[in-house]
Amino acid sequence: MGTSRSITVHNCKQTHSPCRTANMSGLCLKEVFACILLSFLYVGSLYVWNATQGRITSRSNGRQRDHPSTIKKRCISVFFMTIVSPFFVIWFGSKDSEEVTLWSQMGLRWEGMIPALVLPMILTFVLFLGPLIQSHLSVPITYTLHMYFDPLYWYNTAQNPIWWRNQVVAPFSEEFTFRACMLPILLQCVSPGKAIFIAPLFFGVAHLHHAVDRLRVGIDLQAVILISSFQFLYTSVFGFYSAFLFIRTGHFLPLFAVHAFCNHMGLPEVKEMIKAPNPLRIKLMAYHVMGLIAWYFLLFPLTEPSLYGNTQHTL
């Protein structure tokens, strides 16, 4: 992730030269074009199978996304994208310096690996304090731990292609393409702070393709717009968090782990919390607020770049 241009920018600050201003004068057209193209290729790769197999009826499309054959084909597509995406970093990334390798730009490095796998997950657990406590009210934590330590549970889970898609393939491919490969491109012409808020917009827009699936199934247009708008909002919000972790830690793997965990947890069950009787409802609300406040105060201390040996960017 730490591009060679970031080193140039650091030197610009030391010498008070206007290279950042000069770079911004280009309006990032090349970099934005690369990100749009990368997003288009990623989404397009998911639907290339439909184009080669003819028109799909609305009746079959309702089952298509979760059909094992569809999942397998789309896994092949995103695997192809994990090969293609680094070439965008090579083509559109900085070539001004050899001090930072392609692998380190994409967050694939050994230094600081252990804290990168532990601290961001702790931070995310804190954020989900309320939902974690709420989920274990109906299911005791002892039962959950027993289930997770049961080899038979993992054997059966490994047979489920939907689990592989939601917990492994999608988090890995999306974080690799939209964070590990897209952020190094954007960081050629914008500051890390701006990149955190720009990159997730491509990620959010990329998820709007689900609107096509919903329309084909026969869902009302107004409902599709509402659902898709909400999906764009929460995918973009998650993208801000993921991009922040990437720039602060300089690692790719914690993004994958956090994404998989968030997919596992899903959205907070706000309706269930509101329906809970008092004083349980008040306690659950308090846990949600406590988790959010604790996460806010721990956000910067637990992502301190020096903990991960990250000297490529500052934020």
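Residues numbered from 1 in each chain as written. Predicted model: local features only at pLDDT ≥ 70, side-chain atom pairs only at ≥ 80, totals over all residues. Heavy atoms only, no water.

**Student:** I'd like a description of the overall build of the protein chain, backed by residues and values.
**Tutor:** Helices and strands together make up the secondary structure of the protein chain, namely 17 helices and zero strands. Expressed as a percentage of its 315 residues, the buried residues of the protein chain come to 43%. In the protein chain, of all internal contacts separated by at least 6 residues, the share reaching a separation of at least 24 is 83%. Accessible area of the protein chain: about 17,200 Å², with a carbon and sulfur share of 71%. (Helix = DSSP H or I, 4+ residues; strand = E, 2+ residues; numbered from the N terminus. Buried < 20%, exposed > 50% of the residue type's maximum accessible area, 1.4 Å probe, protein only. Contact = heavy atoms within 4.5 Å. Areas by Shrake-Rupley, 256 points an atom, 1.4 Å probe, with all protein chains shown as cover.)

**Student:** Give a detailed account of the nonpolar core, specifying residues and quantitative values.
**Tutor:** Ranked by internal contacts, the top residues of the largest apolar core, which has 55 residues, are Phe 88, Leu 123, Leu 183, Tyr 241, Leu 245 and Val 258. No other element matches the eight residues that helix H11 (residues 161–186) contributes to this core. If we ignore the near neighbours within four places in the chain, the residues touching Leu 123 are Tyr 241, Leu 245, Trp 295, Leu 298, Leu 299, Leu 302 and Thr 303. (Core = buried A, V, L, I, M, F, W, Y, C linked by side-chain atoms within 4.5 Å.)

**Student:** Tell me about the pattern of salt bridges, and please be specific about residues and values.
**Tutor:** Here the structure, examined in full by the defined rule, presents two salt bridges. Its salt-bridge partner being Arg 179, residue Glu 175 comes within 2.7 Å of it at the nearest N-O pair. With Glu 175 and Arg 179 both in helix H11 and four residues apart, the pair spans about one turn of that helix. The class of Glu 175 is buried, set by a relative accessible area of 0%. The exposure class of Arg 179 is buried, given its relative accessible area of 0%. (Salt bridge = Lys/Arg side-chain N within 4 Å of Asp/Glu carboxyl O.)

This is a description of form; function is not addressed.
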